[in-house]
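An overview of the molecular structure
For reference, the chains in residue letters:
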Amino acid sequence: MDDITAEPDRMAYFQEQLPSLLLNRAVVEPVLENMAKGRPWPDLRDPGLFVHEILLYLDPGRRFSLRIYLHPANTHTVIHDHTSWGISGCPAGRLSVISYRLEGRTGNSRVVLTPNAPVVLTPGSVAVTRPWDRGIHQTGSPDDGPSVMISVYGRPGRRLYVNTYDL
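Let me begin by describing the structure that accompanies this report.

Scoring rules and cut-offs
Residues numbered from 1 in each chain as written. Predicted model: local features only at pLDDT ≥ 70, side-chain atom pairs only at ≥ 80, totals over all residues. Heavy atoms only, no water. Helix = DSSP H or I, 4+ residues; strand = E, 2+ residues; numbered from the N terminus. Rg over C-alpha atoms; globule rule 2.2 N^0.38 Å. Buried < 20%, exposed > 50% of the residue type's maximum accessible area, 1.4 Å probe, protein only. Expected span 1.5 Å × (residues − 1). Arc of directions from axis to C-beta. Contact = heavy atoms within 4.5 Å. Core = buried A, V, L, I, M, F, W, Y, C linked by side-chain atoms within 4.5 Å. Pairing = 2+ DSSP bridges. Phe/Tyr/Trp six-rings, centres within 6.5 Å; stacked < 30°, edge-to-face > 60°. Lys NZ or Arg CZ within 6 Å of the ring centre and 35° of its normal. Salt bridge = Lys/Arg side-chain N within 4 Å of Asp/Glu carboxyl O.

**Regarding the overall build of the protein chain**
When you go through the protein chain residue by residue, the secondary structure sums to 2 helices and 11 strands. Taken from the N to the C terminus, the helices and strands of the protein chain come in the order α-α-β-β-β-β-β-β-β-β-β-β-β. Computed over its C-alpha atoms, the radius of gyration of the protein chain comes to 16 Å, within 12% of the 15 Å expected for a compact globule of 167 residues. Among the 167 residues that make up the protein chain, the fraction classed as buried is 40%.

Pasting the structure below:
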């Protein structure tokens, strides 16, 4: 990553590379096995922003992070934005991504959101999340099975929180 200095170039790199990581059973299965057996890594005691979020790697220069999310059957995260770009996909099963268009602001911290058609990802396919208002979305399991999502996020913006939305 030392040779990739621009954020758009980092995003493009991970958009190209994450699909092969998702399909690499020799990499993904030991991570899931460690989690199932309660091994020290990844640390399940330190949840991230979301209940089922686990940090796998944080670049020492904070240029990117790698995280895994577990979605129970037929559930989605709260609708939210991000302060950086993200590339997300699933190593097995299916992953639902529902993005929202911000149609306007009505004052008092209220906005008007319109959902786009859900996109269902299969193993090895990825979705791109844009920062701020262009990346409002939710992810989860589209059916009766749980889903696993692996995501790479870029350097966070200056805001130290994500906005959440309630339709």
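**With respect to helix H2 (residues 25–36)**
Look at H2: 16 Å from first C-alpha to last across 12 residues, which is about the 16 Å you get at 1.5 Å a residue. Buried within H2 are the following residues: Val-28, Val-31, Asn-34 and Met-35. Along the long axis of H2, the arc covered by the buried residues comes to 130 degrees, so they all point the same way. Among the exposed residues of H2, those oriented more than 90 degrees off its buried face are Ala-26 and Ala-36. In this fold, the buried residues of H2 make contact with helix H1 (7–22), strand S1 (53–58), strand S2 (64–71) and strand S10 (147–154). Positive phi appears at Gly-38, one or two residues downstream of H2, with a value of about 70 degrees.

**Structural notes on the nonpolar core**
Core analysis: the largest hydrophobic core is formed by 17 residues, its most contacted members being Phe-14, Leu-18, Ile-68, Trp-85, Ile-87, Ile-150 and Val-152. Among the secondary structure elements, those contributing two or more residues to this core are H1, H2, S1, S2 and S10. Residues within four places of Leu-18 in sequence aside, it is in contact with Ile-87, Ser-88, Gly-89, Val-126, Ile-150 and Val-152. Counting 9 residues, the second-largest nonpolar core is a separate cluster that includes Tyr-69, Leu-121, Met-149 and Tyr-153.

**Considerations on the pairing of S2**
The buried count for S2 comes to 7 of 8 residues, which makes it a mostly enclosed element. As paired elements, S1 and S2 share 5 bridges and run antiparallel to each other. Opposite Glu-53, over in S2, you have Tyr-69 as the bridge partner. Between S1 and S2, which pair antiparallel and follow one another directly, the connecting turn spans 5 residues, one of which, Arg-62, has a positive phi of 55 degrees. In terms of strand pairing, S2 meets S10 through 8 bridges, oriented antiparallel. Each residue of the ladder has a partner; that of Ile-68, found in S10, is Ile-150.

**Describing the packing of aromatic side chains**
Counted according to the given criterion, the structure contains 4 aromatic pairs. Look at Tyr-57 and Phe-64: their rings are 5.7 Å apart centre to centre, the planes differ by 35 degrees, and that puts the pair in the tilted class. A residue is classified by how much of its surface remains accessible, and Tyr-57, at 38% relative accessible area, is partly exposed. The rings of Tyr-13, Phe-14, Tyr-57, Phe-64 and Trp-85 are connected pair by pair, giving a single aromatic cluster. Positioned above the aromatic ring of Tyr-161 is the side chain of Arg-159, whose terminal nitrogen or guanidinium carbon lies 5.0 Å from the ring centre.

**Section: the pattern of salt bridges**
As enumerated under the stated definition, the model contains 13 salt bridges in all. The network of salt bridges with shared partners includes Asp-2, Asp-59 and Arg-63.

**Observations concerning the environment of Val-111**
Tracing the backbone shows Val-111 in strand S6 (residues 110–115). On the basis of relative accessibility, which here comes to 23%, the residue Val-111 falls in the partly exposed class. The sequence separation of Val-111 and Asp-166 amounts to 55 residues, and the corresponding C-alpha distance is 9.7 Å. Excluding residues within four positions of it along the chain, Val-111 makes contact with Leu-102, Gly-104, Arg-105, Thr-106 and Tyr-165.

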